[in-house]
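# Fold and geometry: a report
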Amino acid sequence: MKRRVVSCLLSIALVNSICLAEDITWTVADKESEGCKLITPKISMDDSQGETKIWLELAKQQLLIKTESELDNAYNDLAIQVDDKESIKSSEIVDKKNLVFKESIKEIIPEFIEGRKVVVNLRFWPTWPSVGIKTISFSLIGFTKAYNELNSCKKDEAVTKPQ
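Residues numbered from 1 in each chain as written. Predicted model: local features only at pLDDT ≥ 70, side-chain atom pairs only at ≥ 80, totals over all residues. Heavy atoms only, no water.

## Structural notes on the pattern of salt bridges
The criterion, for reference: By convention in these notes, a salt bridge is any Lys or Arg side-chain nitrogen within 4 Å of a carboxyl oxygen on Asp or Glu. Numbering of helices and strands runs from the N terminus, with a helix taken as a DSSP run of H or I at least four residues long and a strand as a DSSP run of E at least two residues long. Only protein chains enter the calculation, and the probe is 1.4 Å; a residue is then buried if its accessible area is under 20% of its type maximum, exposed if over 50%, and partly exposed in between.
For the structure shown, the criterion picks out 5 salt bridges. Among the ionic pairs, Glu-57 bridges to Lys-37, the shortest N-O distance being 3.2 Å. Here Glu-57 is found in strand β4 (residues 51–59), whereas its partner Lys-37 is found in strand β2 (residues 35–39), with 20 residues between them in sequence. Here the two residues Glu-57 and Lys-37 agree in accessibility, since each one is buried. Its salt-bridge partner being Lys-66, residue Glu-57 comes within 3.7 Å of it at the nearest N-O pair.

## Section: the sheet that holds strand β11 (residues 134–139)
Quick reminder of the rule: Note on pairing: DSSP must find at least two bridges between two strands before they are called paired.
Here 4 strands make up an open sheet; going across it, the order is β7-β6-β10-β11 and the pairing antiparallel. Every other strand in the sheet has two partners, leaving β7 (88–89) and β11 as the edge strands with one partner each. Summarising the sheet, strand β10 (residues 117–122) and β11 pair through 6 bridges and their orientation is antiparallel. Across the sheet, the residue bridging to Val-120 is Ile-136, located in β11.

## With respect to the confidence of the model for the chain
The test is simple: As a per-residue quantity, pLDDT reports the predictor's confidence and falls between 0 and 100. We call two residues in contact whenever any of their non-hydrogen atoms come within 4.5 Å of each other.
Averaged over every residue, the pLDDT of the chain is 82; residues scoring 70 or more account for 76%. Counted against residues more than four places away or in other chains, residues 5–23, with its pLDDT under 50, gives 3 contacts.

## Some thoughts on the side chain of Asp-47
Let me state the cut-off plainly: The definition of a polar contact used here is a pair of N or O atoms within 3.5 Å, where within protein one atom must be able to donate a hydrogen and the other to accept one, and adjacent residues in sequence count solely through side-chain atom pairs.
Within the element layout of this structure, Asp-47 appears in the loop between β3 (43–46) and β4. Engagement of the side chain of Asp-47 in a polar contact is seen with the backbone nitrogen of Gln-49, the distance being 2.8 Å. A distance of 2.4 Å separates the side chain of Asp-47 from the side chain of Ser-69, its partner in a polar contact. Contact partners of Asp-47, with chain neighbours within four places excluded, come to Thr-52, Ser-69, Phe-124 and Lys-134.

## Some remarks on the nonpolar core
Buried together is how nonpolar side chains tend to be arranged in soluble globular proteins. Heads up, the rule is: Put simply, a nonpolar core is a bunch of buried Ala, Val, Leu, Ile, Met, Phe, Trp, Tyr and Cys residues held in one set by side-chain atoms that sit within 4.5 Å of each other.
Among the nonpolar cores identified, the biggest contains 32 residues, and Leu-56, Leu-63, Ile-65, Ile-80, Phe-112 and Leu-122 are the most heavily contacted of them. Not counting the four nearest positions on each side in its chain, Ile-65 is found in contact with Ile-54, Trp-55, Leu-56, Ile-80, Lys-97, Asn-98, Leu-99, Phe-101, Val-120 and Leu-122.

## So, the packing of aromatic side chains
Formally: Aromatic contacts are taken between Phe, Tyr and Trp rings whose centres are within 6.5 Å, Trp giving its six-membered ring; a plane angle under 30 degrees counts as stacked, one over 60 as edge-to-face, and the others as tilted.
One pass over the full model with this rule turns up 4 aromatic pairs. Ring centres 5.6 Å apart and planes at 20° place the aromatic pair Phe-143 and Tyr-147 in the stacked group. Here Phe-143 pairs with Tyr-147, and both are found in helix α3 (residues 143–151), just 4 residues apart, close to one helical turn. Tyr-147 carries the same exposure label as Phe-143, and that label is buried.

## A look at the environment of Lys-66
Structurally, Lys-66 is set in strand β5 (residues 62–67). Overall, the relative accessible area of 18% leaves Lys-66 in the buried class. When the C-alpha atoms of Lys-66 and Ile-54 are compared, they prove to be 5.6 Å apart, with 12 residues separating the residues in sequence. Contacts of Lys-66, omitting those with residues within four sequence positions, involve Lys-53, Ile-54, Trp-55, Glu-57, Lys-97 and Asn-98.

The structure is reproduced here in structure tokens:
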């Protein structure tokens, strides 16, 4: 009987630790030179030339999809999609490796708050031969908590709440 109870308690502890681990997908970074921002953990994916890391950063009224590989927007189809909502196309590529979403930030933040996951559609250089869209998903679990922490961050340049 004691073994079953201990086994059950260990199972519950394991499930709770897994749930808590999901809550730590977004963190607030406070760098003196860059100000406050939210960052996801880096996830590796294949870019057709090898492995590259992808991560998201939310700061200064923009969302950045950052990668270690050069992006290609020749087909104008680089976008994000939260759950089953409409895709949102990016504004631009900066430094060849950062996908920027500025104009749509007031639409993105509420979708991130309500959503469960965001799918990122990327296309990598070289464009020929085209290997098509590469997708990667990021959990939005823990986003709201981290976003609220970001808004209480001591820097003035932190993201402000949409109206």
